[in-house]
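One letter stands for each residue in the lines below.
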Amino acid sequence: MGMTGHGVGNASASATNAILLTVLQDVFSRLTTIVGGYYLGTSLTPEAKTYRLLADVLNDAAIISDTLSPYLAFVTLSTQYPFVRPGASSSLRVVALCLSGAFRALCGAVAGGSKAALTVHFATDGERPGDVGDLSAKDGSKETVLALLGMLCGSVVVHYVHSAQATYAVLFALVFFHLAFNYMAVRVISMRYFNRQRASIAWQKYRSSFDAQGKPASKAEVPGYIAVSRREEIFTDASWIDCGSAPPARVALGVPFALLRQPCSAMWRSLRFSTFSQTKSTFYP
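Residues numbered from 1 in each chain as written. Predicted model: local features only at pLDDT ≥ 70, side-chain atom pairs only at ≥ 80, totals over all residues. Heavy atoms only, no water.

Okay, the overall build of the protein next. When you go through the protein residue by residue, the secondary structure sums to ten helices and four strands. Along its sequence from the N terminus, the protein presents helices and strands in the succession α-α-α-β-β-α-α-α-α-α-β-β-α-α. The proportion of buried residues among the 285 residues of the protein is 29%. Counting only contacts in the protein whose residues sit at least 6 apart along the sequence, the fraction spanning at least 24 positions is 70%. Entry remark: accessible area of the protein is about 18,200 Å², with carbon and sulfur atoms responsible for 65%. (Helix = DSSP H or I, 4+ residues; strand = E, 2+ residues; numbered from the N terminus. Buried < 20%, exposed > 50% of the residue type's maximum accessible area, 1.4 Å probe, protein only. Contact = heavy atoms within 4.5 Å. Areas by Shrake-Rupley, 256 points an atom, 1.4 Å probe, with all protein chains shown as cover.)

In C-alpha cells form, the structure reads like this:
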C-alpha cells in the first residue's frame, strides 16, 4: 500500500514525481522531529506513560495514512454536500503521505525519550539498582523476536487476505488489539516520581485527612506511588485540585521562584503558557 501511494502500479506516475514526493515527505519528517524535540523534550520523562502510548497511536496513524493514500488520489473535498466527491489528480494523497511522515517522525521522537525514561525506571526498581545497558540490550532482543514473529504471521496472512475489504478489516482489527494491549501495559506501570497529575492525586488524598478547619479528621497519610498509579489516567489532564468552596487550584512543577512573587492574576497568565520541566520529587510508600 505504501509503494502504491508513491506511484507504483500507476502508469501515469513518473520516477521524478515519486522522488519529489519522497523528498517532501522526508522534509516534513525532519521538521516534525526538530519541533517535537524542542517542545516535548522536557515532558517525556514525567509523562513517560502518556507519551509511550501516544507513540503507538502515532505509529498506527502513520500506517493508516499510508494505506489510505492511494484512494485519496481520486477523492476531492468540497464545502457543499456531498462533502466528499470523486475526482482526479487530487492533492489529498500528498497530504496523507506528508502526514504519515510527520506522524512517524513524531512517534520516533516521543518513543525514544519515553522508552529511555521507562528503561531507567525498571532498572532502578527493587532493592538494588540494575544495569540499564543490560536491560536495553535484552529489550532490543525482545523487539527483534517480536518483529520476526510479526513477519512470519504476516507471511501467513498474505496467502488468505487478497481483497481491499479484507485487508482493511484485518488492519483495523490489528490496530485495535495493538492499542488495547499497549494501554493495559502502560496502566500497570507505577512511576515513583511526581508529575502534575500524580502530585494532584497525592495531595487530594492527603487533604482528605483534614476537615474544613484544617484539623486532622483521621490519621494523615501520604499515599504511596502504587496507590496513586491506580487512580492515574492516560491522556487526561487531572492536575486540577478541588478546594471545596474556593476556586480549584492547579498543580505546577518546576516553576521559577520569581514567578511565585507575582500577583495571582499575573502568575496564572504565566502558568497557562508555560512548559514545566521534571522535578526530583519522589514518592515514599
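Bringing the UniProt feature "transmembrane region" (unreviewed entry) in the protein into the picture now. When the UniProt feature table is mapped onto this chain numbering, "transmembrane region" (unreviewed entry) sits at residues 145-162 and 168-189. End C-alpha to end C-alpha, residues 145-162 measures 27 Å, and it is 78% helix and 0% strand. With 91% helix and 0% strand, residues 168-189 has end C-alpha atoms that lie 32 Å from one another. (UniProt positions renumbered as here; feature names shortened; annotations may be inferred.)

One pass over the structure, following the stated rule, counts six aromatic pairs. Seen from their ring centres, tryptophan 203 and tyrosine 206 are 5.9 Å apart, and the 40° between their planes marks the pair as tilted. Of the two residues, tryptophan 203 and tyrosine 206 are both situated in helix α7 (residues 196-207); the distance of three residues between them amounts to about one turn of the helix. With relative accessibility at 42%, the residue tryptophan 203 sits in the partly exposed group. Residue classification places tyrosine 206 among the partly exposed residues on the basis of a relative accessible area of 28%. (Phe/Tyr/Trp six-rings, centres within 6.5 Å; stacked < 30°, edge-to-face > 60°.)

To continue, consider the nonpolar core. Grouped together as the largest cluster of nonpolar side chains are seven residues: Leu44, Tyr51, Ala55, Leu58, Cys107, Val110 and Ala111. Secondary-structure elements contributing two or more residues to this core are α3 (48-72) and α4 (92-123). Setting aside chain neighbours within four positions, we find cysteine 107 in contact with Ala55, Leu58 and Asn59. (Core = buried A, V, L, I, M, F, W, Y, C linked by side-chain atoms within 4.5 Å.)

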